[in-house]
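What follows is each chain in one-letter form.
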Amino acid sequence: MTISERPAPKPASMPGVEHGHADVNGTRLHYVTAGTTGPVILLVHGFPESWWAFRKLMPLLSDGYRVVAVDLRGFGDSAVAGDDFSAAVAAEDLYHLIEHLRLGPVHLLAQDVSGQVAYRLAVAHPEAVQSLIAVETGLPGFGAEMLANVLVGGAWYIGTLAADGVARLIFRGRERELISGLVYPSYGMGEPTLSAADGEEFVRAYARDGGFAGAAGLYRSLLLDGEEIKALAGTPLRMPVLAVGSFGGPFTETTMRQVAADVTAVQIDGVGHYLAQEAPAALAKAVRDFVGR
């Protein structure tokens, strides 16, 4: 058997979850559910992640809550994104998923670059969002775009991902080096937190044709949408917001206090950026305490 004839790796799964697909808003989203009773917590991943980023968190929330983790358009096992994909499109995808599955209103947890997606959803469809949980994230227009500024220590790969077609040229065939060798270690995470098998699951998803298109759309939004987000922030969010920080210090809290009226802040020290993978117990406690209010 030649390399080209080898079967594609199977998507990862784990006991206690069910997989589903939903055709919404002109795309097909893959999602995973756990738990059968209680309020709904919708989990939204960042980069370089998929729903698998919540593999440790979901079991800690599913006793007493219905937990749904989604692959955004262009990520994981959802449909590949087109060139017009953006954070605004992703927010509408999530809204239509909430409506399609009759989940709302949800407690919406988003981390990393998906914070802008969750914020847009909360602004455009507040009736669908009972509370917003922002984990190690920021917003364009409020400093998040500086994460791409290499002159102040920003990450060079953000601009590379955002540039049309460049990620395909540079990262195709080098997904493992980018994800397990560069991005995760640079934000404080490596083995054993990220096992070799975990890394391979993320590599599998990003190695497909168009595997970086979702990330490209979100990072373009991060770099271009600042003025629009600042205009939206003229009307503060009214639902409760939990800002959870770790590697980024108070950045998440500072951002959320500029766009929301009711903000609770939690700082989880001693770990890196990817809290759902690195400190799931501490994050689960913060979420439970907040949602339980």
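All values derive from a computational prediction rather than experimental measurement.

1. Concerning helix α12 (residues 280-291)
Working step 1: In a regular helix each residue adds 1.5 Å, so 12 residues correspond to 16 Å; α12 covers 16 Å between its end C-alpha atoms and thus fits that length.
Working step 2: Within α12, the full set of buried residues consists of P280, L283, A284, A286, V287, F290 and V291. For α12, the angular spread of buried residues about the axis comes to 160°, placing them on one side. Exposed and oriented more than 90 degrees from the buried face of α12 are A281 and K285.

2. Considerations on the side chain of R120
Working step 1: Structurally, the position occupied by R120 is in helix α3 (residues 115-124).
Working step 2: Classification of R120 by relative accessible area gives buried; the value is 8%.
Working step 3: There is a polar contact of 3.1 Å between the side chain of R120 and the side chain of E228.
Working step 4: Sequence-distant contacts of R120, that is, excluding residues within four places in its chain, are made with A87, A88, A91, D225, E228, I229 and L232.

3. As for the sheet that holds strand β7 (residues 241-245)
Working step 1: Taken in spatial order, the eight strands make up an open sheet running β1-β2-β4-β3-β5-β6-β7-β8, and their pairing is mixed. Whereas interior strands pair on both sides, the edge strands pair on one side only; in this sheet they are β1 (18-24) and β8 (263-267). Sheet twist, expressed as the mean angle between neighbouring strand axes with direction ignored, is 20°.
Working step 2: Packed on one face of the sheet, helix α2 (residues 87-101) meets β1, β2 (27-34), β3 (40-44), β4 (66-70) and β5 (106-111) and runs near 115° to β1.
Working step 3: α3 rests against β5 and β6 (129-135) of the sheet, and its axis sits at about 150° to β5.

4. Side note on the UniProt feature "domain: AB hydrolase-1" (unreviewed entry) in the chain
Working step 1: When the UniProt feature table is mapped onto this chain, "domain: AB hydrolase-1" (unreviewed entry) is found at residues 39-140.
Working step 2: Between the end C-alpha atoms of residues 39-140 there is a gap of 30 Å, over a span that is 28% helix and 23% strand.

5. Quick word on the packing of α2 against α3
Working step 1: For the pair α2 and α3, the least separation of the axes is 8 Å and the interaxial angle reads 60°. On the basis of their axis angle, the class for α2 and α3 is oblique. Considering the relative orientation of α2 and α3, their crossing is right-handed. On α3, the residues that touch A87, A88, A90, A91, E92, L94, Y95 and I98 of α2 are Q116, V117, R120, L121 and A124.

6. Examining the packing of aromatic side chains
Working step 1: Within the structure shown, the criterion is met by 13 aromatic pairs.
Working step 2: Residues F47 and Y219 carry aromatic rings whose centres are separated by 5.8 Å and whose planes lie at 80° to one another, so their mutual orientation is edge-to-face. Of the two residues, F47 sits in the loop between β3 and α1 (58-61) while Y219 sits in helix α8 (residues 213-224), which places them 172 residues apart along the sequence.
Working step 3: The class for Y219 is buried, based on a relative accessible area of 4%.
Working step 4: A connected cluster of aromatic rings, assembled from ring pairs, spans F47, F75, W156, Y157, F171, Y206, F212 and Y219.

7. What to know about the side chain of E49
Working step 1: Tracing the sequence through the fold places E49 in the loop between β3 and α1.
Working step 2: Buried and unpaired, E49 has R55 as its nearest opposite-charge partner, separated by 7.0 Å.
Working step 3: In terms of polar contacts, E49 uses its side chain to reach the side chain of Q111, at 2.9 Å.
Working step 4: One polar contact links E49 to Q277, side chain to side chain, over a distance of 3.0 Å.
Working step 5: Among all residues touching E49, those that are not within four sequence positions of it are F75, Q111, Y184, F202, Y206, Y274 and Q277.

8. Thoughts on the pairing of β3
Working step 1: Burial runs high along β3: five of the five residues are buried.
Working step 2: Neither face of β3 is exposed, since V40, L42 and V44 on one face and I41 and L43 on the opposite face are all buried.
Working step 3: Looking at chain direction, β3 and β5 are connected through four bridges and run parallel. Residue I41 lies in a different strand from β5, and its bridge partner there is H107.

Quick notes on the rules
- Per-chain numbering applies: the sequence of each chain, read as written, is numbered from 1 onward.
- It should be noted that, the model being predicted, local features are given only for residues of pLDDT at least 70 and side-chain atom pairs only at 80 or more, the latter also being counted only at that level, while totals for whole chains, interfaces and linings use all residues.
- Heavy atoms from the whole structure form the basis of all side-chain values; hydrogens and water molecules are not counted.
- Only DSSP runs of H or I covering at least 4 residues are called helices, and only runs of E covering at least 2 are called strands; the numbering of each starts at the N terminus.
- Take the residue count of a helix, subtract one, and multiply by 1.5 Å to get its expected span.
- Each residue is placed in one exposure class: buried if its accessible area under a 1.4 Å probe, protein chains only, is under 20% of its type's maximum, exposed if it is over 50%, and partly exposed if it falls in between.
- Note: the arc covers the axis-to-C-beta directions of the helix.
- Between N or O atoms, a polar contact is any pair within 3.5 Å; within protein, one atom must be a potential hydrogen donor and the other a potential acceptor, and residues adjacent in sequence are included only when both atoms are from side chains.
- Contact definition: two residues touch when any of their heavy atoms are within 4.5 Å.
- For two strands to be treated as a pair, DSSP must find at least two bridges joining them.
- To define axes, lines are fitted to C-alpha atoms, for helices over the stretch in contact only, and angles between the resulting N-to-C directions are given on a 0 to 180 degree scale.
- UniProt positions are given in the numbering used here, feature names are shortened, and annotations may be inferred rather than shown by experiment.
- Oblique is the label for every angle not falling under 35 degrees (roughly parallel), over 145 degrees (roughly antiparallel), or within 65 to 115 degrees (roughly perpendicular).
- Helix crossings are classified by the rotation of the near helix relative to the far one: an anticlockwise turn of less than a right angle makes the crossing left-handed, while a clockwise turn makes it right-handed.
- Put simply, two rings from Phe, Tyr or Trp (the six-membered ring, in Trp's case) pair if the centres are within 6.5 Å, and we call them stacked under 30 degrees between planes, edge-to-face over 60, tilted for the rest.
- Positive charge is attributed to Lys and Arg, negative charge to Asp and Glu, and no charge count is given to His or to the chain ends.
- Any Lys or Arg side-chain nitrogen located within 4 Å of an Asp or Glu carboxyl oxygen qualifies as a salt bridge.

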